[in-house]
Amino acid sequence: MALSPTPRSQTNDARSSTNTVLNIAIDRATLETTPVWYTVVVSGPGRVPRWTVRRRYADFHALHNSIASLLEGPVRLPPKRYLPWRAHDPLMVEERRRGLERYLRQIMVMRRVYEDNHVWHFLEASAEVSIIVRYAWSKDVGYLKLLCPLSLEPALATSIASCRPLLRALLGHVGDDHHSIAGPALAVLEQVVSVGEGSGLICEEGGIRVLMAALGRSMPVNAVKDVLLNLLRSRPESMFLYFQVDGGLSEMLDRLAGSQNSDVPLCIACALVVAVAGDPDLEIALTDRQSSGLQLLECLMA
């Protein structure tokens, strides 16, 4: 017999789960077997496919012993033993299910627990998912560098593309002056842009401006160019918005005037060609004699 999950009340436990990018619930407890098995449902961030894992109380107890030194404040498991004749009592099992769910939600807002591998083994999370979640939670460059060499599955790239906190972290690191930080962020962003679905959010978060600003820094221009062109192929209208809202024309002129790298004008020219092909309004803005668009074109042709 499987117990249906009890409706969650707005308790401190429910609120604490919102402090993490990982959502955890114990969906049900199965009473047909001895011992009782608990089904843990895990999801997040973004569209990371949710997964389930079945655990016994003994597994929770072993996890607790492994991470006891990492816990902050009083965190307790439900009682280890009930009277033998009540071990499968539906009310007792439901009480334990709630207690175990509360326990998981409490520990998963603790950074030291997040950074420890025991909890990820317990949840049977893949290496990619555990790194993505830890990066989204901490914005730690160390996790970004672990994520960079991985060839992300389309589902995981889509998950990152749908999660604003992750995109903000990536764009923030792309804008870093150090190639050792910006390079890995750009490599991950390139995989995210390739799935297409994240282009809109990336543009909304100022992706065009960040990539344009990265030109001419220690970052190889071609690396920036690949991401920029893929982004514009998906969202050509974002270049026009960049001009109108973010002062893109002036920024491009400054970039051209201050750059000693001949690849920068070529990158900007390619970006404009791609954007104009998909957005006629941009062509009008560039050729309007009342704007500085003509000046930009003259600089590119010089």
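Per an unreviewed UniProt entry, the protein chain is named PX domain-containing protein, and its organism is Perkinsus olseni. According to the UniProt record, the Subcellular location (unreviewed entry) comment for the protein chain is "Cytoplasm".

**Q** Quick question: what am I supposed to make of the sheet that holds strand E2 (residues 37–43) here?
**A** Note on sheets: strands pair through backbone hydrogen bonds, and any given pair is parallel or antiparallel. Pairing is antiparallel in the open sheet, where 3 strands are placed in the order E1-E2-E3. Each edge of the open sheet carries a strand with a single partner, namely strand E1 (23–30) and strand E3 (51–56). Strand after strand, the sheet turns through a mean of 25 degrees between neighbouring axes, direction not considered. Sheet analysis places E2 next to E3, joined by 6 bridges and oriented antiparallel. Bridging from a neighbouring strand, Val41 pairs with Thr52 of E3. Here helix H2 (residues 57–67) sits on the sheet and contacts E1, E2 and E3; the angle it forms with E3, its principal contact strand, is near 90 degrees. Packed onto the sheet, helix H3 (residues 90–107) meets E1 and E2 and runs at close to 160 degrees relative to E1.

**Q** Hey, could you run me through the packing of helix H6 (residues 127–138) against helix H9 (residues 164–174) in this one?
**A** What describes two packed helices is the angle between their axes and the distance between those same axes. Axis separation between H6 and H9 bottoms out at 9 Å; the angle between their running directions is 75 degrees. In terms of axis orientation, H6 runs roughly perpendicular to H9. Together, Ile132, Tyr135 and Ala136 of H6 and Leu166, Ala169, Leu170 and His173 of H9 make up the contact between the two elements. Grouping the constituent residues of the contact of H6 with H9 by class yields 6 nonpolar, 1 polar and no charged.

**Q** Explain the packing of aromatic side chains to me, please; I cannot follow it from the model alone.
**A** All told, the structure shown has 3 aromatic pairs when counted by the stated rule. Geometrically, the ring pair formed by Tyr38 and Phe60 is edge-to-face, given 6.3 Å between the ring centres and 90 degrees between the ring planes. Remark: Phe60 occurs in helix H2 and Tyr38 occurs in strand E2; sequence separation between them is 22 residues. Residue Tyr38 is classed as buried on the basis of its relative accessible area of 2%. For Phe60, a relative accessible area of 0% translates into the label buried. Ring geometry for Tyr114 against Trp120: centres 5.8 Å apart, planes inclined by 80 degrees, an arrangement best described as edge-to-face.

Parameters and conventions
- Residues numbered from 1 in each chain as written.
- Predicted model: local features only at pLDDT ≥ 70, side-chain atom pairs only at ≥ 80, totals over all residues.
- Heavy atoms only, no water.
- UniProt positions renumbered as here; feature names shortened; annotations may be inferred.
- Pairing = 2+ DSSP bridges.
- Helix = DSSP H or I, 4+ residues; strand = E, 2+ residues; numbered from the N terminus.
- Axes fitted to C-alpha atoms, helices over the stretch in contact; angles between N-to-C directions.
- Contact = heavy atoms within 4.5 Å.
- Parallel < 35°, antiparallel > 145°, perpendicular 65-115°, else oblique.
- Nonpolar A, V, L, I, M, F, W, Y, C, P; charged D, E, K, R; others polar.
- Phe/Tyr/Trp six-rings, centres within 6.5 Å; stacked < 30°, edge-to-face > 60°.
- Buried < 20%, exposed > 50% of the residue type's maximum accessible area, 1.4 Å probe, protein only.

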